[in-house]
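Fold and contact review
Now for the letters of each chain:
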Amino acid sequence: MSARSYTVTLIPGDGIGPEVASAAVRVLTATGIEFHFETETAGAGAMGKEGVALPPRVIEAVRRNKVALKGPTATPIGGGHRSVNVELRKTLDLYANLRPVRTLPGVKSRYDNVDLIVVRENTESLYSGLEHVVVPGVVESLKIITEKASTRIARFAFEHAEKQGRKRVTAVHKANIMKLSDGLFLDCCRAVSKGHPTVAYDEVIVDALCMQLVLDPTKFDVLLLENLYGDIVSDLCAGFIGGLGMAPGANIGESAAVFEAVHGSAPDIAGKNLANPIALILSGAMMLEHLHELEAATRVRKAVMAVLAEGKKLSRDLGGTAGTTEIAEAIASRV
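Residues numbered from 1 in each chain as written. Predicted model: local features only at pLDDT ≥ 70, side-chain atom pairs only at ≥ 80, totals over all residues. Heavy atoms only, no water.

1. Here we look at the overall build of the protein
- Per the secondary structure count, the protein includes 11 helices and 12 strands.
- For the protein, whose C-alpha radius of gyration is 20 Å, the value lies close to the compact-globule estimate of 20 Å for 335 residues.
- Along the first, second and third principal axes, the C-alpha set of the protein runs to 55 × 45 × 40 Å.
- For the protein, buried positions account for 54% of its 335 residues.
- Long-range pairs, those at least 24 residues apart, make up 73% of the contacts in the protein with a sequence separation of at least 6.
- Split by element, the accessible area of the protein, about 14600 Å² in all, is 55% carbon and sulfur. (Helix = DSSP H or I, 4+ residues; strand = E, 2+ residues; numbered from the N terminus. Rg over C-alpha atoms; globule rule 2.2 N^0.38 Å. Buried < 20%, exposed > 50% of the residue type's maximum accessible area, 1.4 Å probe, protein only. Contact = heavy atoms within 4.5 Å. Areas by Shrake-Rupley, 256 points an atom, 1.4 Å probe, with all protein chains shown as cover.)

Right, dumping it as structure tokens:
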């Protein structure tokens, strides 16, 4: 057991965020590692109180502590404030979005033995947010692809594949249509692949990938994608393992990392103790791994799998009746 202690910025978020964040904190505390959680408000709650969804002090807290655990934050559709997630990633240069997708015991799904990793570039492409009205009725949105960003996400994917003992990286693109932008992305991926001869490399067009994933997701190992493609495909992949409530995620940069659940804020069930906390608990396990607390990370994952396999403490989306706090306690007791 580690004798070290860590200060972590905790961003509970909106809707069910505070509930699942509390559950994740309970499980992380059960590892015996000393954590000091500095709670910061961001999202719709901060917007209502302070007039800004991502106050500068939140950014500074993550910069200072270098690691954060974040619940879901609400983003208005078609107007309102900018996504807190996008703002965090761009401001802190959290260029790598990492989403492992692995079949879990006791979770009903049409698919078995899914075990793949989605690596998504996190700072550019259409998520650069560069839009303007050309003339009334015509809007232009700019897709930005750079050699720097494409090369570093490719390096991250190959290095992560090597660390995890993975065999293949598949670059995902639409270079048959976007020949310059996606073409540049592929050029960078190909160049990086040559420096990693122990990991196989191939490419697939994004629409063909979606079809192949639905037919058989076990065919794939590590998927390397631009920002928009990665966002869409990672949610598709979550469907293979029971939905977004089971899918952890991480946003990693050179000097900071934010670990978060992939799902939304689910305001319709907020405050009712109905939320599934497993995605954020597994994101906490990824945080432990990032902190080199590998033994603790393994214990958390095994505890989650034990509770799921037993099937007595499952949330409503998994066919059970257990509340958020019950599930957290069941997992924590096994940690």
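That covers the picture; the talk isn't over yet.
2. With respect to helix H4 (residues 84–91)
- Within the sequence span of H4, burial applies to Val84, Asn85, Val86, Leu88 and Arg89.
- Asp93 sits one or two positions beyond H4 and adopts a positive phi of about 55 degrees.

3. What about the pairing of strand E9 (residues 200–205)?
- The sheet contact formed by strand E8 (residues 168–173) and E9 spans six bridges and is parallel. In the strand pairing of E9, Thr170 is matched with Asp202.
- Crossover connection from E8 via helix H6 (residues 181–193) to parallel E9: handedness right-handed. (Pairing = 2+ DSSP bridges. Right-handed = clockwise from strand over helix to strand, strands pointing away.)

4. Some remarks on helix H1 (residues 17–29)
- Taking 1.5 Å of rise per residue, the 13 residues of H1 would be expected to cover 18 Å, and the 18 Å separating its terminal C-alpha atoms lies within 8% of that figure.
- Looking only at H1, the buried set comprises Gly17, Glu19, Val20, Ala21, Ala23, Ala24, Val25, Val27 and Leu28.
- As for H1, its buried residues are in contact with strand E1 (5–11), strand E2 (34–39), strand E3 (67–70), helix H9 (278–290), helix H10 (294–310) and helix H11 (324–334). (Expected span 1.5 Å × (residues − 1).)

5. What about a nonpolar patch on the surface?
- A contiguous nonpolar surface patch, about 210 Å² in accessible area, is contributed by Leu130, Leu142 and Ile144.
- Positionally, Leu130 belongs in the loop between strand E5 (115–121) and strand E6 (131–135).
- In this structure Leu130 comes out as partly exposed when scored by relative accessible area, which is 40%. (Patch = residues over 30% accessible without salt bridge, like charges linked within 9 Å, V, L, I, M, F, W, Y side chains within 5 Å. Salt bridge = Lys/Arg side-chain N within 4 Å of Asp/Glu carboxyl O.)

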